[in-house]
Amino acid sequence: MKHLLKIQNCYRIYFKGTIQIQAVRNLSFSMRSGELVSIIGRSGSGKSTLLNLIGGLDTPNQGHIWIQDKDLTRMNRTELARHRRYMVGMIFQSFNLIPSRTALENVSLALAFGGKGRSEREQTAIRLLDSVGLKDRMNHSPGELSGGECQRVAIARALANRPLLLLADEPTGNLDSKTAEDILDLLRKLNRKGVSILMVTHDQLGAERISHRRLQLMDGTIIKEEQLRSLHETG
Amino acid sequence: MKPDELTRIALGNLWRTKLRTFLTTLGVIIGIGALVSMVSFGIGMQKNVTAAFYENDLFTSMLVSPQQIDVNKAISGDMEGMVNALYEPPPPLVDSTLSCFQTFSGVVISFPEIRFPVKIRFAGNETRINIRAMPASMGQYKPFNDLLAGSFFKSDSQNTIILSQNILKDLNVKLKNRHIHHLTLEDSLKSTVLIEADSMIGDSLDVITSVVDVTKMTGFPGFSIKGHRRMLFKEIINPFQIGGIQKAGSGFEAPSMISGAIIPIQTAEMLPRVGFNNIWDVLGGKHDHEGYGSAIVRVKHIDHVKAVQDSIESMGYSVFSIMDQLSEMKKGFLIFDMGLGAIGTIALIVAALGIINTMVMSILERTREIGIMKAIGGSEGEIRTIFFVEAGMIGLIGGIFGLLLGWLVTKIANAVANMIFLKEMDFSVNFFHIPFWLILSAIAFSIGISLLAGIYPAARAAAVNPVEALRHD
C-alpha cells in the first residue's frame, strides 16, 4: 500500500544565540491512509514541532516530508498554504478558534480559504457542526462554549476542506477526563469513516485505546514504535 | 478566498475596534475635507475669473495698435524689446484699416479706442473718470446687452451715457436692491441718496470736459505758466441723459470692465476737449494726426481669435489678446491649486501615519488570529489582502465623509464670505467649486493614500510566522 505520509531523515534545529536546539533529529517514519497514529513523549520531545512540520507551518532544516508523493520541503510558501488548506486539517490543544467569530463563522472561514461560495460555506459548516453534535450551538462564540465544545468546533473546522490527514496536537490536553474521552471517541469515529489521523498526546491510555500504532518520541527522534492493532481492526 | 468574504472579514475587523477605526477614519476625513475645500477654492477662483472674462466677452476682444510695442514683451518685463520697437515706423491705424479688419472672417465689429478723462456732475456731486466711446452696435454684445437698468444707446451721435455702478458710488448714489432698503448713518452723513436704478434712466447728467483757454494763454508772456496758479484750461459743460446702468461685477473682473462710463463714438469725437484719445496717442505722439492710437476688434467666437490676430499682425500691427494670457493664467492657477492641494495633502499624510499606527497595533493584537488563519489555509496573499482591504475601507469611508465635510466647509465659508464681502450686493458669488473630477479624485486619492499606508502593515501581517503566532497570547 502506498504511504499517505512519509518522513525521511528529518531535522529541525533552532538557534537561540549560540545554543543549538535539535527539536527533531534524524526522524523517519511513514503512515498509511486510514491509519490513526499516536505520538507520545514528554514535553520538549519534539512532538508539536513534528506536527508543525507535517502541517506545513514550519520547515525542516534537512530531510524530506512527503504527503501523497508531494514533497513539502520543495514547496514554496503559496504551495504550503494550499497544503495546509486542502491536505491537512489541524487541531490544537488550545483550540485556536477566533474568539470574535461564532462557531459557524470559524468553520466557514476555513471553507472561505477553500474558495467556497457563501451559501455553500454556510451549508457545509452547518453539516460539519451537526456531525460533531454542535448544530444548536453554531451561533455561539468560543467564549460561550465549553472546552469540549470548542474542540468539536475545531475538529469541524479541520475537516472543512476534506483533508487527507488530520493532525491533532494534544486534542485532549485542556479537557477533563470525561470530555477528553468524548473527543477521542469522536476522533475514532472519524477514523472509522476513513479520516487518517496523526495525534500527539500525553494520554497514553487514550492513545492505546483508539490508535492503530503508537510512536514514542524522545529528544526529537522515535525511540519506540508499537503496532497496537491492524489497520482493518478498529479500536 | 472570494472578494465578498475578504470584504466581510475586513469590515468585521474594523467594526470590532469601532472607536479606533472611527478615530483613524476621522483623520482621513479631516485630511480629505481640507484637501477638497482648499482645491475647490482654487478651482472656484479660476472659474470665477474665467467666467467673468467670458461674461464680458473679453476673450473675443483684441486691442490693435499701430505701435510696434509688443505688449506681451512689456508685460513680461522685456522693456528693451518694447522700446526698440518704438523706433520702427508703424503703419497708421485709420478708418479704412478698421474697415479692412471687418472683412476678416469672424470679425463682427472694429472701432477706434477712445478714452479720455472728464468730470461728471450729477445731483450736485462730481467725480473724475475716464470716459469710453463705443459704437451703438456694441449694445448687442456682452456685457452691454444686459444692463441693470435702461438700455445701450441706439445711435452713435446721441447725448446718452451708460454709467457703471462704481461711478454712482463716487457720485454718492446708492441703488436700492433686495439688501439695501435704507441708508445707513454713514451714508446720511455723506449726503448719499438712495434711488431705484430704473428711476435714474432719462435723468440729466453733466459731462465736463477741459479745453485750452486761449484768452488766458495770451495773458502770460512766453505762454509760461510757471509760478502761476491760474490754469490755462477752461471747462465745458456737456449735458447728457442717463441711458443705462451697468450691472455690478462679481469682483473677479478687470476694473476696466465694470468702471467708468460709456458714450456714443460720434458724440465723443464731437465733444470739445484737449485732444488725445488714449495713452498710445501720447507714446506715439508724432503719428496721432495720421490715425487712431489703438482700436478694438471683436470676433464672433473665441476660435476666430488666433486667425484674426495673425491676419492683423501680418499687416504690421500689434495685437494684444487676453487669450494670449489665458495659458499663463491657467499655469498660475495650477500652481495656486497645487499649493492649496499640498497643504491638504499634508493633512492627509498625517492621517496616513494614523492608519499605519492603527494597523500595526491591530497586527500586534491579532497576531494569534493571523496564525490561526495561516494554519487553516490562509495564504500570505490573502492575509495581505485582508489588511489592504481594511486600509482601503478606511480610505473609502474617509474619502466619502471627507468629501461631505469639505462640501460642508465650502458652503459655510462661502456663506460667511458672501455675508462679509458682498453684504450690500444684489448677487452672490460661489468662491468654491467642486467639480465631478474632484469628487472622484478625492475619493481615489483617499483610497490610494490609505492603501499606501497599508503596504507596510499588510506586508508585516503576511510575514507573521504561524508557529510563533499560535504561541502568541
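Quick notes on the packing of aromatic side chains
All names here are of chain B.
- If you walk through the whole model with that rule in mind, you get 6 aromatic pairs over all chains.
- Their ring planes at 50° and their centres at 5.5 Å tell us that Phe41 and Phe432 sit as a pair that is tilted. On the criterion of sequence distance, the pair formed by Phe41 in helix H2 (residues 18–55) and Phe432 in the loop between helix H16 (380–421) and helix H17 (436–462) is long-range, its members being 391 residues apart.
- We classify Phe41 as partly exposed; its relative accessible area is 27%.
- A relative accessible area of 18% means that Phe432 is categorised as buried.
- Ring geometry for Phe101 against Phe104: centres 6.2 Å apart, planes inclined by 35°, an arrangement best described as tilted. When sorted by exposure, Phe101 lands in the same class as Phe104, which is buried.
- Within the aromatic cluster, the residues linked to one another by ring pairs are Phe41, Phe336 and Phe432.

A short note on the interface of chain A and chain B
- Taken together, the contact between chain A and chain B spans 25 residues of the former and 22 residues of the latter.
- At the boundary of chain A and chain B, one finds 3 salt bridges.
- A salt bridge links Arg85 of chain A to Glu382 of chain B, with the nearest nitrogen and oxygen atoms 2.7 Å apart.
- Across the contact surface, chain A and chain B share 9 residue pairs in polar contact (both at pLDDT 80 or more).

A closer look at the packing of helix H3 (residues 103–113) of chain A against helix H5 (residues 147–158) of chain A
Residue and element names in this part refer to chain A.
- Running from amino to carboxyl end, H3 crosses H5 at an angle of 25°, the nearest separation of the two axes being 8 Å. Looking at the two axes, H3 sits roughly parallel to H5. In the packing of H3 onto H5, the handedness of the crossing is right-handed. Side by side, H3 and H5 meet where Ala103, Asn106, Val107 and Ala110 of the first sit next to Val153, Ala156 and Arg157 of the second.

With respect to unusual backbone geometry
- Residues other than glycine seldom take positive phi values, yet Asn9 of chain A does so here, at roughly 45°.
- Inspection of the secondary structure assignment puts Asn9 of chain A in strand E1 (residues 3–16).
- For Asn172 of chain B, which is not a glycine, the phi torsion comes out positive at approximately 60°.
- Tracing the sequence through the fold places Asn172 of chain B in the loop between helix H6 (165–170) and strand E7 (173–175).
- Residue classification places Asn172 of chain B among the buried residues on the basis of a relative accessible area of 19%.

Scoring rules and cut-offs
Each residue is numbered by its place in its chain's sequence as written, counting from 1. Note on labels: chains are lettered from A, ligands numbered from 1, in written order. Only residues with pLDDT of at least 70 get local features here, since the model is predicted, and only at 80 or more are side-chain atom pairs given and counted; chain-wide, interface and lining totals rely on the full set of residues. The side-chain quantities take in all heavy atoms of the structure and omit both hydrogens and water. Any Phe, Tyr or Trp ring, taking Trp's six-membered ring, that has another such ring centre within 6.5 Å forms a pair; planes under 30 degrees apart are called stacked, those over 60 apart edge-to-face, and the others tilted. By definition, any uninterrupted DSSP run of H or I lasting at least four residues is a helix, any uninterrupted run of E lasting at least two residues is a strand, and each is numbered from the N terminus. Relative accessibility thresholds used throughout: buried, under 20% of the residue-type maximum; exposed, over 50%; partly exposed, between the two (1.4 Å probe, protein chains only). Should any heavy atoms of two residues lie within 4.5 Å, those residues are considered in contact. The salt bridge definition used is simple: a Lys or Arg side-chain nitrogen within 4 Å of an Asp or Glu carboxyl oxygen. The definition of a polar contact used here is a pair of N or O atoms within 3.5 Å, where within protein one atom must be able to donate a hydrogen and the other to accept one, and adjacent residues in sequence count solely through side-chain atom pairs. Orientation is described by axes fitted as lines to C-alpha atoms, over the contacting stretch for helices, and by angles from 0 to 180 degrees between their N-to-C directions. An angle counts as roughly parallel when it lies under 35 degrees, as roughly antiparallel when it exceeds 145, as roughly perpendicular when it falls between 65 and 115, and as oblique in every other case. Should the near helix be turned anticlockwise from the far one by less than a right angle, the crossing is left-handed, and should it be turned clockwise, the crossing is right-handed.

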